[in-house]
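Residue-level structure breakdown
Read off the chains here:
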Amino acid sequence: MSNSNTTIEKLFLNTLAFQFPAEPVTFYFSDTNNPSAHYTFLKSSTLFPVGIHELFPNLKNNDTLYTSFTKPVKGAKPLAIDFNNLDNFHLVKRYYNEQIQLFFAQKNLLSDKTFIGDTQIWLNDKKSKNKKFSTFDRFTLKINYNSFLQTPELVVSYDRQAKVLKQSVAQFISSFSASPDDIFDASFNPDNPAELINKVIVVKYLDKDKKRINLKLRRYSKLCEQSDNGEPINYDNVYPVVNNQLAYSLNLTIDEPDNEYPTKKNRYKTYIPKITGFRDMFLLNDDFRRIVPVESDFTPIEAGKVKNESKHLVFGFDEEGNRRIDLIPQRGINSGPYSQPRHSNIQLFFILPTMHRDQATSLLQMLRNGYGSGWSQFKNLQKYLGLPFTTTKGFSMLIKNADNPLPEIETMLEQRRESFSNNVNTKYFAIYLSPVSRDCKDHKQLITYYHVKELLLKWGIASQFIDTNAMIQTLQADAKNNKSNFSYSLQNIAIAINAKLGGTPWRIAVPQQRELIVGVGAFKNTETNTQYIGSAFSFDNTGAFNSFEYFQKDELLELAGAIQDAIINYKNAIQKPQRLIIHYYKDMSEREVEVIEKALNNLNIDIPIFVVTINKTESEDIIVFDEAFPNKMPYSGRYVNLGNNQYLLCNNTRYENNGTIEGYPFPIKLKISCPTDSYLLNQNTIVELIEQVYQFSRIYWKSVRQQNLPVTIKYPEMVAKIAPYFNNGCIPDTIGKDNLWFL
C-alpha cells in the first residue's frame, strides 16, 4: 500500500452527512400536559428552543415543556424552529430521533432507545443455528453535529450482537425450581432467577397462524409492574435477553468487548460490511430521506499524523555501542534494556506445586539458555536484565497443597529467615508457577492468588506469576507445529522481572522536559461492588514512573492531595514542573478542577493544567476506516478532528514500512481542555498532547506488544481491579507507594 513517495489511503468516518432544512420548521408547544395529544416531554432547559420565552414568559429552567413537534394540537402554540441555529440542536436531535424511531416501528422492526435517547435497531440473524439462543445484530443511529466539518451527520454504528434465550421467561424461571426433595438442600442456589433478567423481548402474534408477529423490547421490571397492576402478561411469550449475570448462571459464553490489546480478530472486517449493508437496506431510500436527507456515501476525512519520532523507543546498546532505537518492542528489547535493575546481586527461586517440578526445570533452562530463533527469539534472562542472576540449590519451594499454598509458603519463608538476614545485599525474586490464572473467574482462587503475592511482598520479595497450564499448552503446540510462540511469553516475563527489580526495559525517545503527567482512572469491582479510583499515577514525559496513590471513588480531596504529593516529589527530585497534564477517565467537572487548582495554590505553584479525557474502551460509536486497505484499519498514529477539541486516535501497529500487524484495535477517543487558560490550547499544544497519549501507550512493561491505551489509564484500572483481593480490601503499605511493579 505504500512506496517511497506516497502512502495511499482513503479514510472515512462511519457517518452520513446531511443538511438541515434551509427554512424554519413550525413546532407546537404547551406548558401543560394533554394526555390525548401524546406530547413529548421536554424536562431540560437545554431542550427549550430559542424564542420559547416569548410564548411562555414565566417558563423556568426546571419546568417541563410539552411538544407535538410538527403536528398541530388544539391549545398548543406554534413556534418557528431554525434547525441551523445550534442553540436548538438538542431539541432538533430529539425531533429526528422520534421520527427515526417511528420509521422503524412502522416497518415492524425491533428497536430500542439507548440510555441517551438514540435509536438502536435489532435485526435477527437468521444464519445463527444455536439451539439455546437467537442472535440479533444491533445498529445504532445517532444524530450528531460535526463542528469540525460544520455539518449535521447521522452516525451509523454496529453494537455487536445480542443473544436472546429461546426459553421463555416462564420456562427459564421454572427450570430453576428445585424438586420437592431438594428444597431443604443448603447447596441449592438461593438466588431468585427473576433477578437475573434485565431486558426481555415480548412477542405478540398478529394472526391465528402465528405467521405475523410483533416484537417489542421491554425492561423486565416494567413488565412486572404492569402485571402487578392487573394487566395480563403471557410469560410464555416473553424471552430474556442474555446479560452477563444470566450468561454466568447458565454457563453460556457471550461476546464481550476485548479491552486488552492486541485483539487478533479483525473487527473492522465485520463492522464495515455490517454498517454498509444496513445503510444500503434502510437509509438510502426516499422514505428515510424524507426524514433525514443523508448522503449516499460515508464521510471522507483527512487525518493528522503523529511524528515518526513519536513511534521511537530507546533500548540498550547495539554492537557498536550506540543506543538501539526501534518502534517494535519485541525486536528492540533484544539489544537489552534501557537500564539495568537497581540490584546487582539477584537470586531467583521457584515456588510451585510438586506436580509441576518438571515444568520449573524446563523453564529455568529456557531462562538461562534462551528459546526460539529469529528476531523474535528469546535470548536469555540475563540479556533482558542487563546483568547476571543466580539460583541457589535448595532455596526453591515445592508445595503439596496447591489449593491453599499460603501456610506452606509462610513456613518455608520462616525457615529461610536466617538466609535473608545474612544476605542483606541479595535481592530475592520469586517465580511462582501458579495453578490458576490471574484472569480466573473463581473469586476464592483469585483471593489465594493475590494473598500469595501479598505474603511475598511483606517479605520484600517481588514475584512473577506464571500461568502453568497456559505455559504447558503453548509449549506443546510449539513442539507439535515446529513453532516458538512461547518466546513471546518469555520476553514478557523477562521485561516484567526487569521492571519489578527497578530497571527500565525501554523508554520513549523524547528529550526530557519539565512536565508531570498524572493518570486517573476508575473501575468498579463487581465481586465487592466497590468503586475505586486508581489515581496519581505520575510519570515524567519520557515515561519514567514516579509514584501512585489509590482511594475510593468520591474521595476528591484525596485525589487533589495525591496530585499535590506527586508535584512535591517531582519538584524535590528535579525542579518545578512547567505544566501539569492529567489523563482522565471522564470529563473533569468544574468542582474537580477547582479542588485541584486549590491544591496547586497551596503549593504556591502557578502552572497550566491540561486535561486529556481518554475513553478507557475503544471507540465503537464513531470510528475511522481506510477503504484503500483490505483490512480497513488506518495507519498507526493517524488522528481525526471531530470538533470541539475531540479526536479519534488510531493506536495500533500498522506502520508504513513494516508488514507485521499485531492486532486490529479500534481508535480511542480523546477530548482535550485547558481549564486554567483556554487560550493556551493552540494547535501545537494539542498535537503534543495527542502524541504524548500515543507515546504512553508504548511503555506498558508487562508485554512486548504495544497497547492501544496509555499506561496512565491502564495502570489505575489494574490497581482498582486487584485491590479488593488483598486483605482488608487494600494494597498493603509494605509494598511502598513508589512500587508499581507488583501488578
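See the structure printed just above.
Residues numbered from 1 in each chain as written. Predicted model: local features only at pLDDT ≥ 70, side-chain atom pairs only at ≥ 80, totals over all residues. Heavy atoms only, no water.

Considering the environment of Leu 642
How we decide: Helical segments are the DSSP runs of H or I of at least four residues, strand segments are the runs of E of at least two, and each set is numbered from the N terminus. Should any heavy atoms of two residues lie within 4.5 Å, those residues are counted as being in contact.
Inspection of the secondary structure puts Leu 642 in strand β30 (residues 638–643). In this structure the C-alpha to C-alpha distance between Leu 642 and Asn 146, which are 496 residues apart in sequence, comes to 6.2 Å. Setting aside chain neighbours within four positions, we find Leu 642 in contact with Leu 13, Asn 146, Ser 147, Phe 148, Ile 622, Tyr 647 and Leu 648.

Some details on the sheet that holds strand β2 (residues 15–17)
Put simply, the test is: Two strands pair if DSSP finds at least two bridges between them. Lines fitted to the C-alpha atoms define the axes, with helices restricted to the stretch that makes contact. Angles between their N-to-C directions range from 0 to 180 degrees.
In space, the 5 strands of this open sheet follow the order β2-β10-β9-β8-β7, with antiparallel pairing throughout. Strands at the two margins of the open sheet, each flanked by one partner only, are β2 and β7 (110–113). Ignoring strand direction, the axes of neighbouring strands in this sheet form an average angle of 25°. Alignment of β7 against strand β8 (residues 119–124), held across 4 bridges, turns out to be antiparallel. In the sheet register, Asp 112 faces β8, and the bridge partner there is Gln 120. In this fold helix α2 (residues 89–106) packs onto β7, β8, β9 (133–146) and β10 (151–165), with an angle of close to 150° to the strand it touches most, β9. Packing of helix α6 (residues 268–283) onto the sheet brings it into contact with β2, β8, β9 and β10, and relative to β10 it is tilted by some 110°.

Describing helix α4 (residues 220–228)
Every α-helical turn comprises 3.6 residues, leaving residues that sit three or four positions apart pointing alike. Condition: Throughout, exposure labels follow a simple rule: accessible area from a 1.4 Å probe, protein chains only, divided by the maximum for the residue type, with under 20% read as buried, over 50% as exposed, and the rest as partly exposed. An arc is given here, and it is the one of the directions from the helix axis to the C-beta atoms.
All of the buried residues along α4 are Tyr 220, Leu 223 and Gln 226. The arc that holds the buried residues of α4, viewed along the axis, is 115°, so those residues lie on one side. Elements that come into contact with the buried residues of α4 comprise α3 (169–175), β11 (199–205), β12 (213–219) and β13 (238–240). One or two positions beyond α4, positive phi appears at Gly 230, with a value near 100°.

What to know about the pairing of strand β31 (residues 646–649)
In this sheet, β31 lies alongside β30 in antiparallel orientation, the contact comprising 4 bridges. Bridging across to β31, Gly 643 finds its partner in Gln 646. The antiparallel pairing of β30 with β31 creates a hairpin that spans 2 residues between the two strands, and Asn 644 there sits at a positive phi of about 55°. Relative to strand β32 (residues 668–673), β31 runs antiparallel, the two being bridged by 4 bridges. Counted as the bridge partner of Gln 646 is Lys 671 from β32.

Looking at the pattern of salt bridges
The condition is simple: Salt bridge, as applied in this entry: a Lys or Arg side-chain nitrogen positioned within 4 Å of an Asp or Glu carboxyl oxygen.
Per the stated rule, a full pass over the model turns up 21 salt bridges. Between Lys 632 and Glu 627 there is a salt bridge, with its nearest N and O atoms 2.8 Å apart. The salt bridge partner of Arg 638 is Glu 656, with a shortest N-O separation of 3.1 Å. With Arg 638 in strand β30 and Glu 656 in the loop between β31 and β32, the pair connects residues that are 18 residues apart, well separated along the chain. On the basis of relative accessibility, which here comes to 2%, the residue Arg 638 falls in the buried class.

A few points about the side chain of Asn 498
With respect to the helices and strands, Asn 498 occurs in helix α15 (residues 486–500). Its relative accessible area of 0% is what places Asn 498 among the buried residues. For Asn 498, the residues in contact, after removing those within four places along its chain, are Pro 337, Ser 339, Pro 341, Tyr 384, Leu 385, Gly 503, Thr 504 and Pro 505.

Structural notes on the nonpolar core
Looking at soluble globular proteins, one finds that nonpolar side chains tend to be buried together. Counted only if it meets this: Definition of nonpolar core: a set of buried residues of the types Ala, Val, Leu, Ile, Met, Phe, Trp, Tyr and Cys, connected through side-chain atoms within 4.5 Å.
Counting 73 residues, the largest nonpolar core has Leu 363, Leu 367, Leu 381 and Ile 431 as its most contacted members. In terms of residue count, α15 provides more of this core than any other element does, 7 residues in total. Every residue in contact with Leu 363, bar those within four places of it in the chain, is listed here: Phe 350, Ile 431, Leu 433, Ile 466, Met 471, Phe 486 and Leu 490. Membership of the second largest hydrophobic core comes to 50 residues, among which are Leu 47, Leu 59, Leu 65 and Leu 91.

Structural notes on the pairing of β10
Where burial is concerned, most of β10 is hidden: 14 out of the 15 residues are buried. The pairing of β2 with β10 spans 3 bridges and is classified as antiparallel. Looking at the pairing, Leu 16 lines up with Leu 154 of β10. One ladder, built from 13 bridges, connects β9 with β10; its direction is antiparallel. From the neighbouring strand, Lys 142 faces β10, where its bridge partner is Val 155. Counting the residues in the hairpin turn of β9 and β10 gives 4 residues, including Gln 150, whose phi is positive at 55°.

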